[in-house]
There are 2 protein chains.
Amino acid sequence: MYQKKIPEVLDCGIAVAVKVIGGKWKAWIIDCIRRGVARPSAIHREMEVVNPRIINLHLKELEEMGIVYKEIFAEVPARVEYRLTTVGRSLLPVINVLEQWGNENKEYVNGHHAEYILGNN
Amino acid sequence: MYQKKIPEVLDCGIAVAVKVIGGKWKAWIIDCIRRGVARPSAIHREMEVVNPRIINLHLKELEEMGIVYKEIFAEVPARVEYRLTTVGRSLLPVINVLEQWGNENKEYVNGHHAEYILGNN
DNA sequence: CAGGACAGGGAAAAATTTATCCCTGTCCTG
DNA sequence: CAGGACAGGGATAAATTTTTCCCTGTCCTG
């Protein structure tokens, strides 16, 4: 893994939350697992546009942060399943809020808003 | 500005939200403005650990996304103030949720949790 | 005038994240 | 046995973000 040269600033709650879901594909991965897409290969299939290697890296980070848990079954063709930890599940409402806001405002944010909307402030 | 070579995937609401607050200092900047720290130099003072150049870049992005609005007063030593647009203000509850989750879980996320917490799933 | 606050940005480097390529294994099925 | 699914990772490149350094102006105050 990459060794950081600039120490992270993680006293702020927002920074912590962004660290957890700020990765390019992390939220999507969490969403997969929450929907029960648990096995690595299944996640890879779901997220076909993303390189499997990347997904694995993100999964490892999520595991190290205690968001997902990796269960390795002692079966013959060793099976692996990811699931959310308690803390990981506590993240779901947060993701829902993000998703809702994003969906409500995606056109605006990406759009050509020469017209800025100002309210009373 | 940097010209992207890989097109962004912004159909997903989460991706949009992360784009808005995922930058390293964006949420902090938004927090400054929401607290009324409006002038560039004031924001720079608040965020002393961050290079002013970076703050300016992030401000520009936030402006382009329609989250903040830049008001240039036609005064003699041209004064500039940033404030949140309506959409920018709609982001505040979202940030609050992020911040609360982060504060509640920062020790856990950064901590040495060899002990993964699993609930019923 | 000297110095500092103020707003802003170019150029280039460094740091970090993301992506690509390809390899090592095991096991199961046809 | 051949091929494919499965889990995983090293090495390296590319893309993106962040940082540093330094420059251009205006205006105001001592």
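If you look chain A up in an unreviewed UniProt entry, it shows as Transcriptional regulator, HxlR family from Chitinophaga jiangningensis.

Undergrad: Sorry, what's going on with the relation of the copies chain B and chain A here?
TA: Each copy of the chain is related to the other by a rotation around an axis and a translation along that axis. When chain B is fitted onto chain A, the two copies agree to an RMSD of 0.0 Å after a turn of 180 degrees and an axial shift of 0.0 Å. Put plainly, the chains are arranged around a two-fold axis. Judged by C-alpha distance, Gly22 of chain B is the residue of chain B that lies nearest the rotation axis, at 2.8 Å. Take the interface residues of chain B: 100% of them recur as interface residues in chain A, which is what a same-surface contact looks like.

Undergrad: Is there a simple way to explain helix α1 (residues 13-21) of chain A in this structure?
TA: Across the nine residues of α1 of chain A, seven count as buried, placing the element largely inside the fold. Looking only at α1 of chain A, the buried set comprises Gly13, Ile14, Val16, Ala17, Val18, Val20 and Ile21 of chain A.

Undergrad: Teacher, can you tell me more about helix α6 (residues 92-110) of chain A here?
TA: Residues spaced three or four apart along an α-helix point in a common direction, a consequence of the helix completing one turn every 3.6 residues. The end-to-end C-alpha separation of α6 of chain A is 25 Å, in line with the 27 Å expected for 19 residues at 1.5 Å each. Within α6 of chain A, burial applies to Leu92, Val94, Ile95, Leu98, Trp101, Gly102, Asn105, Lys106, Tyr108 and Val109 of chain A.

Undergrad: Sorry, what's going on with the pairing of strand β2 (residues 79-84) of chain A here?
TA: On any regular strand, side chains alternate: one points to one face of the sheet, the next to the other face. All names here are of chain A. Counting buried positions along β2 gives five out of six residues, so the element sits mostly inside the fold. Across six bridges, strand β1 (residues 68-73) lies against β2 in antiparallel orientation. Of the residues in β2, the one forming a bridge with Glu71 is Glu81. Taking the residues between adjacent antiparallel strands as the criterion, β1 and β2 are bridged by five residues.

Undergrad: I'm lost on the protein's contact with DNA strand D in this one. Help?
TA: Residues in contact with DNA strand D amount to 22 residues; listed here are only the nearest, Arg53 and Lys70 of chain A together with Lys5, Trp25 and Ile54 of chain B. The protein-proximal atoms of DNA strand D, defined as those within 4 Å of the protein, are 69% sugar or phosphate. In this structure, a phosphate oxygen belonging to DNA strand D sits 3.3 Å away from a side-chain N or O atom of Arg39 of chain A. A distance of 3.1 Å separates a phosphate oxygen of DNA strand D from a polar side-chain atom of His58 of chain B. For the surface near DNA strand D, the secondary structure elements donating two or more residues are α3 (40-46) and α4 (52-64) of chain A together with α4 (52-64) of chain B. Its residues assigned to classes, the surface near DNA strand D shows nine nonpolar, four polar and nine charged.

Undergrad: Just checking my understanding: could you explain the protein's contact with DNA strand C for this structure?
TA: Every one of the 23 residues lining DNA strand C counts as a neighbour, but Lys5, Lys24 and Trp25 of chain A together with Arg53 and Lys70 of chain B are closest to it. Near the protein, meaning within 4 Å, the atoms of DNA strand C are sugar or phosphate in a fraction of 69%, with bases accounting for the rest. Contacts to DNA strand C include Lys24 of chain A, whose backbone N or O atom sits 2.8 Å from a phosphate oxygen. Only α4 of chain A together with α3 (40-46) and α4 of chain B provide two or more residues apiece to the surface near DNA strand C. Classifying every residue of the surface near DNA strand C gives 10 nonpolar, four polar and nine charged.

Undergrad: Help me out: how do you make sense of empty space enclosed by the protein in this one?
TA: Remark: the empty space left among the atoms is shown by a probe the size of a water molecule rolled over them. Inspection of every chain in the model, using the stated rule, returns one cavity of 30 Å³ or more. Counted as a void, the largest cavity has a volume near 40 Å³. Of all the secondary-structure elements, those providing two or more residues to the lining of the largest cavity are α1 of chain A together with α1 (13-21) of chain B. The dominant element in the lining of the largest cavity, judged by the number of residues it contributes, is α1 of chain A, at three residues. Each residue belonging to the lining of the largest cavity can be placed in one class, and the counts come to seven nonpolar, two polar and no charged.

Undergrad: Would you explain the packing of α6 of chain A against α1 of chain B in this entry?
TA: The geometry of a pair of packed helices is captured by two quantities: the angle between their axes and the separation between those axes. Closest axis-to-axis distance for the α6 of chain A/α1 of chain B pair is 6 Å, and the angle between their directions is 80 degrees. Put simply, α6 of chain A runs roughly perpendicular to α1 of chain B. Along the contact surface, α6 of chain A presents Ile95, Leu98, Glu99, Trp101, Gly102, Asn103, Lys106, Val109 and Asn110 of chain A, while α1 of chain B presents Gly13, Ile14, Val16, Ala17, Lys19, Val20 and Ile21 of chain B. Its residues assigned to classes, the contact of α6 of chain A with α1 of chain B shows nine nonpolar, four polar and three charged.

Undergrad: How should the side chain of Lys26 of chain B be read in this particular structure?
TA: Residues and elements named next belong to chain B. You can see Lys26 is positioned in helix α2 (residues 26-34). On the basis of relative accessible area, Lys26 is assigned to the buried category, the value being 4%. Within the structure, Lys26 has its side chain in polar contact with the side chain of Glu61 (distance 3.1 Å). With near-sequence residues (within four places) excluded, Lys26 lies in contact with Lys19, Val20, Ile21, His58, Glu61, Leu62 and Met65.

Conventions we followed
Residues numbered from 1 in each chain as written. Chains lettered and ligands numbered in written order. Predicted model: local features only at pLDDT ≥ 70, side-chain atom pairs only at ≥ 80, totals over all residues. Heavy atoms only, no water. Least-squares fit on C-alpha atoms with pLDDT ≥ 70 in both. Contact = heavy atoms within 4.5 Å. Buried < 20%, exposed > 50% of the residue type's maximum accessible area, 1.4 Å probe, protein only. Helix = DSSP H or I, 4+ residues; strand = E, 2+ residues; numbered from the N terminus. Expected span 1.5 Å × (residues − 1). Pairing = 2+ DSSP bridges. Near = heavy atom within 4 Å. Polar contact = N/O pair within 3.5 Å; in protein donor to acceptor, adjacent residues only side chain to side chain. Nonpolar A, V, L, I, M, F, W, Y, C, P; charged D, E, K, R; others polar. 1 Å grid on protein atoms, 1.4 Å probe; cavity = no way out; pocket = protein on both sides within 12 Å on 5 of 7 lines; lining within 4 Å. Points joined across faces, edges and corners; volume = space filled by probe spheres on them. Axes fitted to C-alpha atoms, helices over the stretch in contact; angles between N-to-C directions. Parallel < 35°, antiparallel > 145°, perpendicular 65-115°, else oblique.

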